[in-house]
Amino acid sequence: QVQLVESGGGLVQAGGSLRLSCAASGMNFRFKTMGWYRQTPGKQRELVAVITSGGTTNYADSVKGRFTISRENANYTAYLQMNNLEPEDTAVYYCNAVAPITNRVYWGQGTQVTVSS
C-alpha cells in the first residue's frame, strides 16, 4: 500500500533552519500534487505549501519567502526547506499527496517541529 514517511523534524531556535523530507513508496504512479500541512493542538490542519508534478508551487502567506517546497519525481520524494523559523511555526507537519485520476489523498504520520524563542 502507499506510504508517506516524513523525517527531519526537531527542535531549533528562532531564526534557524530545518529541512523536512517526505518519502513515498508502494505506488507506480506520480502524485498529482505533494504538499505539507501543519497542525497545532486545538486548531485545524492548515496548508503550508504544495507542489504539482510539473513544479508549480503555492505557499501560505505566513511562510512565503521563508519556506521552499521541492520534489524529486524520480524517487517520489518531497522536501520542505524552512528558513528563518519563528516560534509560530511550531506544529506537527504532515506530508500530503494526491493521486492522479482518483484524486485519492494520502497522509504521512507527521513530524514535530518545535521552534524556541
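Residues numbered from 1 in each chain as written. Predicted model: local features only at pLDDT ≥ 70, side-chain atom pairs only at ≥ 80, totals over all residues. Heavy atoms only, no water.

K.L.:
Give me the lowdown on the packing of aromatic side chains, citing residues and values where you can.
P.N.:
Here a ring pair, both rings aromatic, is described through the centre-centre distance and the interplanar angle of the planes. Taken as a whole and judged by the stated rule, the model has 3 aromatic pairs. Relative to Trp-107, the ring of Tyr-37 lies with its centre 5.0 Å away and its plane at 70°, an arrangement referred to as edge-to-face. With a gap of 70 residues between them, Tyr-37 in strand β4 (residues 33-39) and Trp-107 in strand β10 (residues 105-107) connect regions that are remote in the sequence. Among the aromatic residues, those joined into a cluster by ring pairs are Phe-29, Phe-31 and Tyr-106. Above the ring of Tyr-79, the side-chain terminus of Arg-19 is found at 4.0 Å from the ring centroid. Above the ring of Trp-107, the side-chain terminus of Arg-45 is found at 4.6 Å from the ring centroid. (Phe/Tyr/Trp six-rings, centres within 6.5 Å; stacked < 30°, edge-to-face > 60°. Helix = DSSP H or I, 4+ residues; strand = E, 2+ residues; numbered from the N terminus. Lys NZ or Arg CZ within 6 Å of the ring centre and 35° of its normal.)

K.L.:
Residue-level account of the state of the cysteines, with values.
P.N.:
As enumerated under the stated definition, the model contains 1 disulfide in all. Between the sulfur atoms of Cys-22 and its disulfide mate Cys-95 the distance is 2.0 Å. With the S-S bond torsion at -80°, the cross-link from Cys-22 to Cys-95 turns out left-handed. Of this pair, Cys-22 sits in strand β3 (residues 18-25) while Cys-95 is found in strand β9 (residues 91-98), placing the two residues 73 residues apart along the sequence. (Disulfide = S-S within 2.5 Å.)

K.L.:
Tell me what's going on with the nonpolar core, and back it up with residues and numbers.
P.N.:
Among the nonpolar cores identified, the biggest contains 31 residues, and Phe-31, Trp-36, Leu-80, Met-82 and Tyr-93 are the most heavily contacted of them. Non-local contacts of Phe-31, meaning those with residues more than four positions away in its chain, are made with Val-2, Leu-4, Ala-24, Ser-53, Arg-71, Ala-97, Val-98, Ala-99, Pro-100 and Tyr-106. (Core = buried A, V, L, I, M, F, W, Y, C linked by side-chain atoms within 4.5 Å. Buried < 20%, exposed > 50% of the residue type's maximum accessible area, 1.4 Å probe, protein only. Contact = heavy atoms within 4.5 Å.)

K.L.:
For the environment of Gly-16, give the residues involved together with the corresponding values.
P.N.:
Here Gly-16 shows up in the loop between β2 (10-13) and β3. When its relative accessible area of 18% is taken as the criterion, Gly-16 is described as buried. Measuring from C-alpha to C-alpha, the distance between Gly-16 and Ser-116 comes to 9.7 Å, with 100 residues separating the pair along the chain. If sequence neighbours within four positions are ignored, Gly-16 has contacts with Met-82, Asn-83, Asn-84 and Leu-85.

Worth remembering: the numbers are spatial, not functional.
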